Amino acid sequence: MKKDNPTNQDVFKKTANGEGALTEAECYEQAKQILEASSENLALYKKAQELLEQISGYKNSAKLLQECNDKILAINLKKDMAKRKKKKTIRNAILGVAVVVVALLVASAVSTQKSADQAKYEAALEALEEAETNTALTKKERDKKYKNAYKTLAELGYVEEVFNNRIHRVKLMADNGQYAEAFSFISTDIRKQEGVILTQANELAIDEAETYVKSKILVDADAKLEAKNFYAALDLYRYLDVNDPAIAEKVEKCQTESIKTSNVGDIVRFGTYEVNCETGDFDEDVEWIVVAKDGNKFLLVSKYILDTNAFNSTYSTVTWENSSIRSWLNGAFTAKMFNEDELSRLTATEIETNGKKTTDKVFLLSKAEAEKYLGGKLASVENSAYAVLRGVSSVEVEEEVGGKDITTYFSAGWWLRDTYEVDLAETTAKASNVLTVTYDGAISENGHAASQSGIGVRPAIWVTID
């Protein structure tokens, strides 16, 4: 049967009442009662410890004292553990709060950064919108807005948005008829971006954009052809595949219809040749002056000096009939300039030179023809860039156009086909000189040696338009 827990008052009531010290038996009994009560009262166990220490050797007091000491130790350990646990709980709570605070600070910083990045992103999109829609911007201002917006988007990681906007701009250019700009933008700003590797999806998007531009060109060109604006249409068809039979037919129509409706003095286009020497460019349409008409036949003389070549490969007696320039004009030159349809329209014409007749499709003017057909328009014939590159002798004329210094290269001389014999100095041999037209439009009676280099070539042709 469990006994009631004794109190300090019960243990020491005799002493408190003045009854004197406890006997060994009483000390033993009271200590035993405290231990049997299984109390968690540290003060009672300490009292039992004192009682048992006073009766050392009495019965099993030593065993009880050890039990009492164990109880005291257990209670102290329990209290110590409780204190430690409390401290740990407080520490963990503090750490938890600290973690939360740090997390909140980090979240706040991330949120702030995200807000800043979002603001930059939105500002970049607004800049792109303004660059596209604000017609008051100059080209320089517009390009700067695009450039800065692209830079911001790239820094924020929106590389695909930059690519997509560039594709969008290509289509806008096509919608506005800026076809050359669109193709240039694709080749430079899209395909050749430094440090950017195009994916297969990107390549497909570029191909689709190019197809879009070409579809716009075709619609525009067809409309201009329908309106009989032949040269504007021809310029557009040249952007397309002229080997495509449908496009080739339209190109031919532009050329033939423009010649058919032309008058003497008009400029027409027929055939292609390298003219401006722009890298990667196709050969340009050659411009001709209509100098005579005979029914459905038209005599054309090139507007520019197209090339340079010696009249003859050697300085010897030569006429137009057996000159190397005649072979070149009706051979390699013709093959380079005219396609099959154009060749079929070249008219083999009988011409007379130095009393001899030849039949040619491509030829040089004689002195008489030059004076007859060109009259006062012999002077200051411009060299093509290709002719300059090939080494034609030029007269450089500088002038200011639109605030810019422009240099124009005029021919120092171009061949006619008339020849005459001259005696070679200190020999009995003879050779031929050839008449030429000088920069100021005069026909040089002395001409130049047939083998002279740097003289311009200005061909003439008769074409028949059914």
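Use the structure listed above.
Residues numbered from 1 in each chain as written. Predicted model: local features only at pLDDT ≥ 70, side-chain atom pairs only at ≥ 80, totals over all residues. Heavy atoms only, no water.

1. Remarks on the overall build of the chain
Keep this limit in mind: A helix here means a DSSP run of H or I that spans at least four residues, while a strand means a run of E at least two residues long, and both kinds are numbered starting from the N terminus. Burial status follows relative accessibility: with a 1.4 Å probe on protein chains alone, a residue under 20% of its type maximum counts as buried, one over 50% as exposed, and anything between as partly exposed. Whether two residues are in contact is decided by their heavy atoms, any of which lying within 4.5 Å being enough. The method behind every accessible area is Shrake-Rupley, applied with a 1.4 Å probe, and residues are considered shielded solely by the protein chains displayed.
Regarding its fold elements, the chain presents 15 helices and 14 strands. Burial status across the chain gives 37% buried among its 466 residues. Of all intrachain contacts in the chain linking residues separated by at least 6 positions in sequence, the fraction that spans at least 24 positions is 59%. As displayed, the chain has an accessible area near 26500 Å², and 51% of this comes from carbon and sulfur atoms.

2. With respect to the side chain of R238
The line we're drawing: N or O atoms closer than or at 3.5 Å make up a polar contact, with two conditions inside protein: a donor-capable atom paired with an acceptor-capable one, and, for residues adjacent in sequence, both atoms drawn from side chains.
Along the chain, R238 turns up in the loop between helix 10 (230–237) and helix 11 (245–260). A distance of 2.4 Å separates the side chain of R238 from the side chain of D285, its partner in a polar contact.

3. Quick notes on a positive patch on the surface
Threshold: Patch members must show over 30% relative accessible area and no salt bridge, and they are joined within 9 Å when carrying like charges or within 5 Å when they are nonpolar side chains of Val, Leu, Ile, Met, Phe, Trp or Tyr. Salt-bridge detection follows one rule: a side-chain nitrogen of Lys or Arg within 4 Å of a carboxyl oxygen of Asp or Glu. For the purpose of counting charges, residues Lys and Arg are taken to be positive, whereas Asp and Glu are taken to be negative. His and the chain ends are not included. Positions of charges follow a simple convention, taking NZ of Lys, CZ of Arg, CG of Asp or CD of Glu.
Taken together, K46, K79, K83 and K87 make up a surface patch of like positive charges. In terms of residue count, helix 5 (residues 61–133) provides more of the positive patch than any other element does, 3 residues in total. Along the chain, the position of K87 falls in helix 5.

4. Structural notes on the nonpolar core
Here is the rule: Residues enter a nonpolar core if they are buried and are Ala, Val, Leu, Ile, Met, Phe, Trp, Tyr or Cys, with the set joined through side-chain atoms within 4.5 Å.
Judged by nonpolar contacts, the single largest core of 53 residues is most densely connected at F270, W288, L300, F311, I325, L329 and I461. If you tally residues by element for this core, the top one is strand 2 (residues 284–294), at 6 residues. Once residues lying within four places of it in the same chain are set aside, the contact partners of I325 are N309, A310, F311, W320, L364, W415 and V457. By size, the runner-up hydrophobic cluster in this structure holds 27 residues, among which are F163, Y179, A182 and I190.

5. Quick look at the sheet that holds strand 7 (residues 362–363)
The condition that has to hold: Criterion used throughout: strands pair if DSSP finds at least two bridges between them.
Strand order in this open sheet of 5 strands is 1-2-3-14-7, and the pairing throughout is antiparallel. Pairing within the sheet leaves two strands with one partner each, and these edge strands are strand 1 (267–273) and strand 7. Bridge count between strand 7 and strand 14 (residues 460–464): 2 bridges; the pairing is antiparallel. Among the inter-strand pairings, V362 is bridged to a residue of strand 14, identified as I461.

6. Concerning the layout of surface pockets
How we decide: Every definition here rests on a 1 Å grid over the protein atoms only: cavities are sets of points where a 1.4 Å probe fits but cannot get out, pockets are open sets enclosed by protein on both sides within 12 Å along at least five of seven lines, and lining residues have some atom within 4 Å of a point. Grid points are joined across faces, edges and corners, and a volume is the space filled by probe spheres set on the points. Here the term charged refers only to Asp, Glu, Lys and Arg, the term nonpolar to Ala, Val, Leu, Ile, Met, Phe, Trp, Tyr, Cys and Pro, and the term polar to all other amino acids, Gly among them.
Taken as a whole, the largest pocket encloses approximately 530 Å³ of empty space. Taken together, 18 residues line the largest pocket, and the ones lying closest to its centre are R142, D143, R169, M173 and Q178. Among the elements of the structure, helix 5, helix 6 (139–155), helix 7 (159–175) and helix 8 (179–190) are those that each provide at least two residues to the lining of the largest pocket. By residue number, the principal contributor to the lining of the largest pocket is helix 6, which donates 6 residues. Counted by class, the lining of the largest pocket contains 6 nonpolar, 3 polar and 9 charged residues.

7. Details of helix 9 (residues 200–226)
Threshold: One less than the residue count of a helix, multiplied by 1.5 Å, gives the span that helix is expected to have.
Between its first and last C-alpha, helix 9 extends 39 Å over 27 residues, near the 39 Å set by a 1.5 Å rise per residue. Within helix 9, the full set of buried residues consists of N202, I206, A209, V213, I217, A221 and L225. Looking at the buried positions of helix 9, the neighbouring elements they touch are helix 7, helix 8, helix 10 and helix 11. The first or second residue beyond helix 9 is K228, which carries a positive phi of 65°.

8. Here's the deal with the side chain of T256
In this structure, T256 sits in helix 11. Polar side-chain contacts of T256 include one of 3.4 Å to the backbone oxygen of K253. Every residue in contact with T256, bar those within four places of it in the chain, is listed here: R345 and I465.

9. Observations concerning the packing of helix 9 against helix 10
Defined as follows: For helices, the fitted axis covers only the stretch in contact; all axes are lines through C-alpha atoms, and the angles between them, taken along N-to-C directions, range from 0 to 180 degrees. Any angle between 65 and 115 degrees counts as roughly perpendicular, while under 35 counts as roughly parallel, over 145 as roughly antiparallel, and the rest as oblique. Two helices crossing with the near one rotated counterclockwise from the far one by less than a right angle form a left-handed crossing, whereas a clockwise rotation gives a right-handed crossing.
Two elements in contact, helix 9 and helix 10, have axes whose closest approach is 8 Å; the angle formed by their N-to-C orientations is 160°. In terms of orientation, helix 9 and helix 10 fall into the roughly antiparallel class. Helix 9 and helix 10 meet at a crossing whose hand is left-handed. Between helix 9 and helix 10, the contacting residues are I217, L218, D220, A221, D222, K224 and L225 on the first element and F230, A232, A233, L236 and Y237 on the second. Classifying every residue of the contact of helix 9 with helix 10 gives 9 nonpolar, no polar and 3 charged.

10. Section: the environment of E122
Inspection of the secondary structure assignment puts E122 in helix 5. Residues E122 and L153, 31 residues apart in the sequence, show an inter-C-alpha distance of 9.6 Å.

11. Examining the pattern of salt bridges
What the rule picks out here adds up to 21 salt bridges. In this structure, K145 and E130 form a salt bridge, with 3.2 Å as the shortest nitrogen-oxygen distance. Here K145, found in helix 6, pairs with E130, found in helix 5; they are 15 residues apart in sequence, far enough to count as distant. The class for K145 is partly exposed, based on a relative accessible area of 26%.

12. Some points on the pairing of strand 9 (residues 404–411)
With 8 bridges connecting them, strand 8 (residues 394–401) and strand 9 associate as antiparallel partners. Bridge assignment links E398 to a residue of strand 9, and that residue is T407. Here strand 8 folds back onto strand 9, and the loop between the two strands holds 2 residues, one of which, G402, carries a positive phi near 60°.

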